[in-house]
Amino acid sequence: MQNEGKSKIFGKISEPLNKLDTNLAKLSKYKIPVWMLNRYGVLVLLFIIIFGWFYVLVGENNGENEIPYYTAKKGNFLVSLTESGELIARKSISITAPRIRGNLKIVYLIPEGKYVQAGEVVVKFDPTDAVAKVEEEEAKLEISLSDKEKMQADHRSAIAQMESQLKSAELSYELSKLNLEQMKFEAEVKQREAKLNHQKNELSYEQTKQEFESKKIIQSSELKKMDIEIKQKMNNLGDAKKDLDALTLTAPAEGLVVYSANWGNDGRKYAIGDTPWGGATIITLPDLSSMQSLTTVNEVDVSKIKQGNKVIVKLDAFQDSTFYGKIGNVASLGKQKNNDANVKVFEIWVDIIGRSPILKPSMTTSNKIIMNEIPNVLFIPQEAVFDKNEKKIVYVKSGSSYDEVEVEIGEKSEDYIIIKKGINSGDQVLLRDPTINEIDTESTQKNNSGMPN
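Reading the values: rules and limits
- Residues numbered from 1 in each chain as written.
- Predicted model: local features only at pLDDT ≥ 70, side-chain atom pairs only at ≥ 80, totals over all residues.
- Heavy atoms only, no water.
- Helix = DSSP H or I, 4+ residues; strand = E, 2+ residues; numbered from the N terminus.
- Buried < 20%, exposed > 50% of the residue type's maximum accessible area, 1.4 Å probe, protein only.
- Contact = heavy atoms within 4.5 Å.
- Areas by Shrake-Rupley, 256 points an atom, 1.4 Å probe, with all protein chains shown as cover.
- Pairing = 2+ DSSP bridges.
- Axes fitted to C-alpha atoms, helices over the stretch in contact; angles between N-to-C directions.
- Parallel < 35°, antiparallel > 145°, perpendicular 65-115°, else oblique.
- Nonpolar A, V, L, I, M, F, W, Y, C, P; charged D, E, K, R; others polar.
- Core = buried A, V, L, I, M, F, W, Y, C linked by side-chain atoms within 4.5 Å.
- Phe/Tyr/Trp six-rings, centres within 6.5 Å; stacked < 30°, edge-to-face > 60°.

On to the overall build of the protein. Looking only at helices and strands, the protein features five helices and 24 strands. Per-residue burial for the protein yields a buried fraction of 29% across its 453 residues. Considering only residue pairs separated by 6 or more positions, the protein has 74% of its internal contacts joining residues 24 or more positions apart. Accessible surface, the protein as shown: approximately 30,200 Å² in total, 53% of it carbon and sulfur.

Printed below as a string of structure tokens:
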């Protein structure tokens, strides 16, 4: 009976194994390693897969509980402050709206970011009113020139008439003079009569001559007045043409086009259709050979920053590019931050050393301002230092456990802190409080033990 039972069990086990052998035999025609074409090879492969899966699960669970650490080391410690900023050119050329009579309206703007050459048109304003003004002044000048011609013709006619009258008076005077000489031997009455007549002609001649001279002076004065009027009209026409020409702005030098802010329209950049006032800056052409980053610093930190401090500048758009600079200027007066009256900031100008084609105005930057550099000191991340019982504590790895160590701290940077006393270079400090994990584990165990089965 026992043999029969063993035979039945063996038959149940051997049956699937036989099927496996049959299927493996069918696979022999493919290029499969020989050891995989028998039952023992397949069983070994399954064992390896199961063991590997178990090892991965165990490793993942162990990794979840492992606390990250940092190895304390000595080096040059940088006390720094990082603030965002915006690139500007240290020097730039401003292209401003013309100061002319009438309203201005932009009808053309060269695309922002284009590199222009000297003399290239960058802005045009609506010329409708200016053209009408030129035509009006031209018409006024034409009228004045026509009036001058008419006046000159009248003057010529009047002068001719006056010359004729003067000649006639002169002849009458000469004839009476001759007649007076002939009357020497005539009766006294006739002599007297001739003398009176001569005096009359002489007086008429002198009067006509004086009127002629006065007429010439008056005509000359009228002509000068007309010339002044014409000159004024010509000046007005010249001004009107200058105003018309001023409606087209050209680049005084080569440079990169940057639109200016339109403070009459909430500070957005100028666009076609805007109506700026005369003298407003429409476009700037920055000098890309000398760039700055304009940033702001909180009033609490501004006293720590001095002119000449080193700065590490990174472009937000090109994080792999690093530039170096120094503090060029610190504003003397603070201003509100984002219209918040409770927060004051001070503007800082960072002079970037060197030049690069990727440095463009308005690009945002990350400015790491080096306020102090302390050589050869021990430092660790700030997150490795904990406050406990009014003491500064770090947790130092000791094998699979840790030691709680009190430390004395020094200067801080944005991420790191100097350790004056308590640990040594090479110590591995935990970046998370391990006691919090232990407390959580103990409370979890207590909760689990109190649960009913």
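With antiparallel pairing, three strands are arranged side by side in an open sheet as β4-β6-β7. Every other strand in the sheet has two partners, leaving β4 (106–109) and β7 (248–250) as the edge strands with one partner each. The mean angle between the axes of side-by-side strands here comes to 15 degrees, regardless of whether they run parallel or antiparallel. In this structure, β4 lies alongside strand β6 (residues 121–125), joined through three bridges in antiparallel fashion. Its bridge partner being in β6, Ile-106 is matched across the sheet by Phe-125.

A few words now on the sheet that holds strand β12 (residues 281–286). Strand order across the open sheet formed by three strands is β3-β12-β9, with antiparallel pairing between neighbours. Whereas interior strands pair on both sides, the edge strands pair on one side only; in this sheet they are β3 (92–96) and β9 (258–259). The pairing of β3 with β12 spans five bridges and is antiparallel. Paired with Ser-94 across the bridge in β12 is Thr-284.

To continue, consider the packing of helix α3 (residues 128–182) against helix α4 (residues 188–246). To describe two helices that pack against each other, one gives the angle between their axes and the distance between the axes. Their axes nearest at 8 Å, the elements α3 and α4 cross at an angle of 170 degrees. The angle between α3 and α4 falls in the class roughly antiparallel. Taken together, the residues of the contact of α3 with α4 break down into 23 nonpolar, 15 polar and 21 charged.

Take the pairing of strand β15 (residues 318–330) next. Relative to β15, strand β14 (residues 310–315) runs antiparallel, the two sharing six bridges. Bridging from a neighbouring strand, Lys-314 pairs with Thr-322 of β15. Hairpin geometry of β14 and β15 is characterised by an intervening segment of two residues between the two adjacent antiparallel strands.

Take the environment of Gln-165 next. Along the chain, Gln-165 falls in helix α3. On the basis of relative accessibility, which here comes to 35%, the residue Gln-165 falls in the partly exposed class.

Attention now goes to the nonpolar core. A general tendency of soluble globular proteins is for nonpolar side chains to be buried together. Ranked by size, the top nonpolar core spans 41 residues in total, and within it Ile-380, Val-394, Ile-419, Ile-423 and Val-429 carry the most contacts. Broken down by secondary-structure element, the contributors of at least two residues to this core are β2 (73–89), β13 (291–298), β14, β15, β17 (340–352), β18 (364–381), β20 (391–398) and β23 (416–421). If one sorts the elements of this core by residue count, β18 sits on top with six residues. With residues near it in sequence (within four places) discarded, Val-429 still touches Pro-68, Tyr-69, Tyr-70, Ile-380, Ala-384, Val-394, Tyr-395, Val-396 and Ile-423. Of all hydrophobic cores here, the second largest spans 22 residues; its members include Ile-110, Val-116, Leu-249 and Tyr-270.

The next point concerns the packing of aromatic side chains. Under the counting rule described, the total for this entry stands at six aromatic pairs. With 6.1 Å between their ring centres and 50 degrees between their planes, Tyr-70 and Tyr-416 make a pair best called tilted. Within this pair, whereas Tyr-70 is found in strand β1 (residues 69–71), its partner Tyr-416 is found in strand β23, the two being separated by 346 residues in sequence. A relative accessible area of 31% places Tyr-416 in the partly exposed class. For the ring pair Phe-386 and Tyr-395, a centre distance of 5.6 Å and an interplane angle of 55 degrees mean the geometry is tilted. With respect to class, Phe-386 is no different from Tyr-395; both count as buried.

Moving on to the pairing of strand β21 (residues 401–406). Two strands pair when backbone bridges link them, and β20 and β21 are joined in this way by six bridges, in the antiparallel orientation. Paired with Lys-397 across the bridge in β21 is Tyr-402. Once β20 ends, the chain turns through two residues before running back antiparallel as β21, passing Gly-399 with a positive phi of about 65 degrees.

With respect to the helices and strands, the residue Thr-284 is situated in strand β12. For Thr-284, a relative accessible area of 17% translates into the label buried. Ignoring any residue separated from it by four or fewer positions in sequence, one finds Thr-284 in contact with Ser-92, Ile-93, Ser-94, Leu-256, Val-257, Val-258 and Ser-260.

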